[in-house]
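# Topology and contacts: notes
Here is how the chains run, residue by residue.
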Amino acid sequence: MEKKPNKALWFLLVIVIPLLFAASLSVIIFSLMGVNLIEKGKNYAANVPVISEWVEPTDVKKRSTEEMMLTLESQVKTLQAENEKAEAEVLQQEEVIKQQQSDIARLKNQLQDKESEQADQKSSLDRLSEVYSTMPAGNAAQIFETMDQSEAAIILTNLETDAQAAILAEMDPATAAELTKLLTNG
């Protein structure tokens, strides 16, 4: 008995394998020629109703890539604008800081001037107090009565307590009372 050849095996060996070989060889030859058959096949397959759900055409990929590039470019422009705005704010804040530093330096100079002025006034007041403390109380009282009361109170504050008491005792009682009020208020 002779065996009948298997039809499926015959179909595979005679038809399928040679077709696969020919298709592979033609894809290789076309790709060497610069033709991209895979991309063209995807584009054609995207037009076939059932297969189009599985395949995305190259044009869509290009469009989505272009849209993504446009989106990224707009984000870059936005970020650059924000960066420029932030740099402008930094420059403005630096100017404010420079202005404040110059104000601080000016105020320090004014403070030093005031402190030196107060030191001069203090030394003058000390000398005046020394003069009035060596003077007889009656003479000092007459001078204090003719002076502005606030100035007299300042000078009296710098004198020792015994000298203050002696000068106030020699003064007119009303003037002495006014000076005493000024001395207690500081």
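Here is what the cut-offs are and how they apply
- Residues numbered from 1 in each chain as written.
- Predicted model: local features only at pLDDT ≥ 70, side-chain atom pairs only at ≥ 80, totals over all residues.
- Heavy atoms only, no water.
- Helix = DSSP H or I, 4+ residues; strand = E, 2+ residues; numbered from the N terminus.
- Buried < 20%, exposed > 50% of the residue type's maximum accessible area, 1.4 Å probe, protein only.
- Contact = heavy atoms within 4.5 Å.
- Core = buried A, V, L, I, M, F, W, Y, C linked by side-chain atoms within 4.5 Å.
- Phe/Tyr/Trp six-rings, centres within 6.5 Å; stacked < 30°, edge-to-face > 60°.
- Expected span 1.5 Å × (residues − 1).
- Arc of directions from axis to C-beta.

Right, let's talk about the side chain of Ser-129 for a bit. Looking at the element boundaries, Ser-129 is found in helix α3 (residues 58-134). With a relative accessible area of 6%, Ser-129 lands in the buried category. Excluding anything up to four places from it in sequence, Ser-129 contacts Ile-155, Asn-158 and Leu-159.

Within the largest apolar cluster, 17 residues are counted, with the highest numbers of intra-cluster contacts made by Tyr-132, Phe-144, Leu-156, Ile-167, Met-171 and Leu-179. Of all elements in the fold, only α3, α4 (137-146), α5 (149-158), α6 (161-170) and α7 (173-185) reach the threshold of two or more residues within this core. Here the element with the most residues in this core is α5; it accounts for four residues. Apart from residues no more than four positions distant in its own chain, Leu-156 is found in contact with Phe-144, Gln-164, Ile-167, Leu-168, Leu-179 and Leu-183.

In the structure shown here, the tally under the stated rule is one aromatic pair. When the ring of Tyr-132 is compared with that of Phe-144, the centres are 4.8 Å apart and the planes differ by 35°; the resulting orientation is tilted. Of the two residues, Tyr-132 is situated in helix α3 and Phe-144 in helix α4; the sequence distance between them amounts to 12 residues. Its relative accessible area of 9% is what places Tyr-132 among the buried residues. Using a relative accessible area of 1% as the deciding quantity, one classes Phe-144 as buried.

This brings us to α7. Compared with an ideal rise of 1.5 Å per residue, which puts 13 residues at 18 Å, α7 spans 18 Å between its outermost C-alpha atoms and is within 8% of the ideal. Among all positions in α7, only Thr-175, Ala-176 and Leu-179 are buried. Buried residues of α7, viewed axially, fall in a sector of 95°; they line one side. Every exposed residue of α7 that faces more than 90 degrees away from the buried side is listed here: Pro-173, Ala-174, Lys-181, Thr-184 and Asn-185. Along its buried surface, α7 packs onto α4, α5 and α6.

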